[in-house]
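Understanding the architecture of this molecule
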Amino acid sequence: MTDPGNGLQAGLKNRHLSMIAIGGVIGAGLFVGSSSGIATAGPGILLSYALVGTLVVLVMRMLGEMSAANPTSGSFSAHADRALGRWAGFSIGWLYWFFWVVVLAVEATAGAVILEGWIPAVPQWAWALIVMVVLTATNLVSVGSYGEFEFWFAGIKVVAIAAFIVIGGLAVFGLLPGVDSEQAGLSNLTEHGGFLPNGPGAILTGVLLVVFSFMGSEIATLAAGESENPQQAVTKATNSIIWRVAVFYLGSIFVVVALLPWDSKSIAEDGSYVAALDSLGIAHAGQIMNFIVLTSVLSCLNSGLYTASRMAFSLGQRGDAPKAFAKTTSRGVPLVAIIASVVFGFVAVFFNYKFPDSVFLFLVNSSGAVALFVWLVICFSQLRMRKIIQAEAPEKLVVRMWLYPYLTWATAALIVFVLGYMLTDTEHDGRKTVLLSLLVAAVVLAIAFIKEKVRGGGTAPAVKVRVDSELDADEVNVG
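Because the structure is a prediction, the values reported are computed rather than measured.

Some thoughts on unusual backbone geometry
Residue Pro 405 is bonded to the preceding Tyr 404 through a cis peptide linkage, with omega at 0 degrees. With respect to the helices and strands, the residue Pro 405 is situated in the loop between helix H17 (370-392) and helix H18 (406-422). With a phi close to 55 degrees, His 284 is a non-glycine residue in the positive phi region. Residues other than glycine seldom take positive phi values, yet Leu 403 does so here, at roughly 45 degrees. Note that Leu 403 resides in the loop between H17 and H18.

Structure (structure tokens):
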């Protein structure tokens, strides 16, 4: 059972955690955003996805090492608190919360666009309101209801993308009857200007376009704190990240660029996955993909609200947010943390409809680089936490980062390089995204240091790894 002092309950079953871990890497961004990456890098976008996928695998390995030793709803924020100082846990926790409440508005609007297309009698803003209210209610009932909804949302995504890969793969190798063999085939990877039609530099530009679609991989480590066996859940999620990235991202994008020439007008006009389905002669391809994208949107909304509220809960526990955030209902639901998160989500939705090209654009751009900031903090936290765990409870190192510390430093250097390259990107708003995200990060850091001064300095309350052999792995003292 979960530590009773922490207020949350072990309401997530193993099947919930497994599907949350699998579904967490399949965001709506994969379906919606891949067409711009293909247009930029051609078939070479596969290298962009492989590069970012490798980055995610390495970061998740580090996070898995820390979270398996100390499962907590604060995940990397709580680890940064202990490893780097209270300022780090405060800053990255609030930035991550900010990222997800903006995502709530983005996804609610994306879902509303699809639903309005199906039922135009209901205005778009009303659909956004409806999906937000329904998923807020789901999260307020219990963590089990969140897990159940996510199990089915993620299940639909997984089945859909697996079917797409199988059917598309058969078509690519000429094993699917009724498909134009001249259009589908491995030759699409090298013809039409070659594998890198826009030069090797386009691989890095592609990285900038796809990196944000990977955000969500870390949700399983937050959710593990509310599972029956957190250590096992984290270990399983960490060990399976390689095949999840390889199959769902590289596998599906490979099918798209092999089915159609990368410069096909239909990819730009209809979206990469719709165009691929159309090329197979599948009827109502657009509506099928709209249903899958809507499922991904609802999944992202559901998980986004859960993730934001649990991060707010953890910040409240550690004294870095109002104490009310750390209070839970009799069902183990952090009511105030959920309400506060969804209120900011509603405000962001309002800005999207009232000031789409000013206030909302600022919110989206200023949260855009947070994923990279989070990954960087995970790198530096792991460098320090490995020593702490080895000194206090070496038996808790059931997941180990490969080639420590060299691979950790190499990963951090790659993230810094990507951030630096973004500063040179004016065509896809990379520079604006980094600068605005740095501005917000600077403000949050300033608040963190002022809070430390007021508090009189000191370090974070110990996030102790308990080593009593009679205690379960998930009985962890947080703050």
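Back to the write-up after that little detour.
What to know about the nonpolar core
Ranked by internal contacts, the top residues of the largest apolar core, which has 153 residues, are Phe 76, Tyr 96, Trp 100, Val 374, Trp 375, Ile 378 and Ile 415. Per-element accounting of this core gives the leading share, 19 residues, to helix H5 (residues 86-118). In contact with Ile 415, other than residues within four places in its own chain, are Leu 55, Val 59, Leu 372, Trp 375, Leu 376 and Cys 379.

Brief notes about the layout of surface pockets
Considered as a void within the structure, the largest pocket measures approximately 1300 Å³ in volume. In terms of lining, the largest pocket is formed by 47 residues, of which the most central are Gly 29, Val 106, Glu 107, Phe 212 and Ser 213. Of all the secondary-structure elements, those providing two or more residues to the lining of the largest pocket are helix H1 (14-23), helix H2 (28-41), H5, helix H7 (143-172), helix H8 (201-210), helix H14 (285-317), helix H16 (359-367) and helix H19 (430-455). Considering each element in turn, the lining of the largest pocket owes the most residues, nine residues, to H5.

Examining the pattern of salt bridges
This model, assessed by the stated rule, comprises six salt bridges. For Glu 65, the salt bridge is made with Arg 386, and the minimal N-O distance between the two is 2.8 Å. Within this pair, whereas Glu 65 is found in helix H3 (residues 45-69), its partner Arg 386 is found in helix H17, the two being separated by 321 residues in sequence. Put simply, Arg 86 and Asp 320 hold a salt bridge, and the shortest N to O gap is 3.6 Å. Here the residue Arg 86 occupies a position in helix H5, and Asp 320 occupies one in the loop between H14 and helix H15 (335-354), the gap between them amounting to 234 residues. Residue Arg 86 is classed as buried on the basis of its relative accessible area, which comes to 11%.

Quick word on the packing of aromatic side chains
Given two aromatic rings, one states the distance between the centres and the angle between the planes to describe the pair. Evaluation of the coordinates by the stated rule reveals 20 aromatic pairs. Relative to Tyr 273, the ring of Phe 164 lies with its centre 5.0 Å away and its plane at 45 degrees, an arrangement referred to as tilted. With a gap of 109 residues between them, Phe 164 in helix H7 and Tyr 273 in helix H13 (residues 272-279) connect regions that are remote in the sequence. For the residue pair Phe 164 and Tyr 273, the accessibility class agrees, reading buried in each case. When the centroid spacing of 6.1 Å and the interplanar angle of 50 degrees are considered together, the rings of Trp 243 and Phe 248 count as tilted. Connected via pairs of aromatic rings, a cluster forms that spans Phe 76, Tyr 96, Phe 99 and Trp 100. Seen from the ring of Phe 151, Arg 15 lies directly overhead, with NZ or CZ sitting 4.7 Å from the centre.

Reading the values: rules and limits
Residues numbered from 1 in each chain as written. Predicted model: local features only at pLDDT ≥ 70, side-chain atom pairs only at ≥ 80, totals over all residues. Heavy atoms only, no water. Helix = DSSP H or I, 4+ residues; strand = E, 2+ residues; numbered from the N terminus. Core = buried A, V, L, I, M, F, W, Y, C linked by side-chain atoms within 4.5 Å. Buried < 20%, exposed > 50% of the residue type's maximum accessible area, 1.4 Å probe, protein only. Contact = heavy atoms within 4.5 Å. 1 Å grid on protein atoms, 1.4 Å probe; cavity = no way out; pocket = protein on both sides within 12 Å on 5 of 7 lines; lining within 4 Å. Points joined across faces, edges and corners; volume = space filled by probe spheres on them. Salt bridge = Lys/Arg side-chain N within 4 Å of Asp/Glu carboxyl O. Phe/Tyr/Trp six-rings, centres within 6.5 Å; stacked < 30°, edge-to-face > 60°. Lys NZ or Arg CZ within 6 Å of the ring centre and 35° of its normal.

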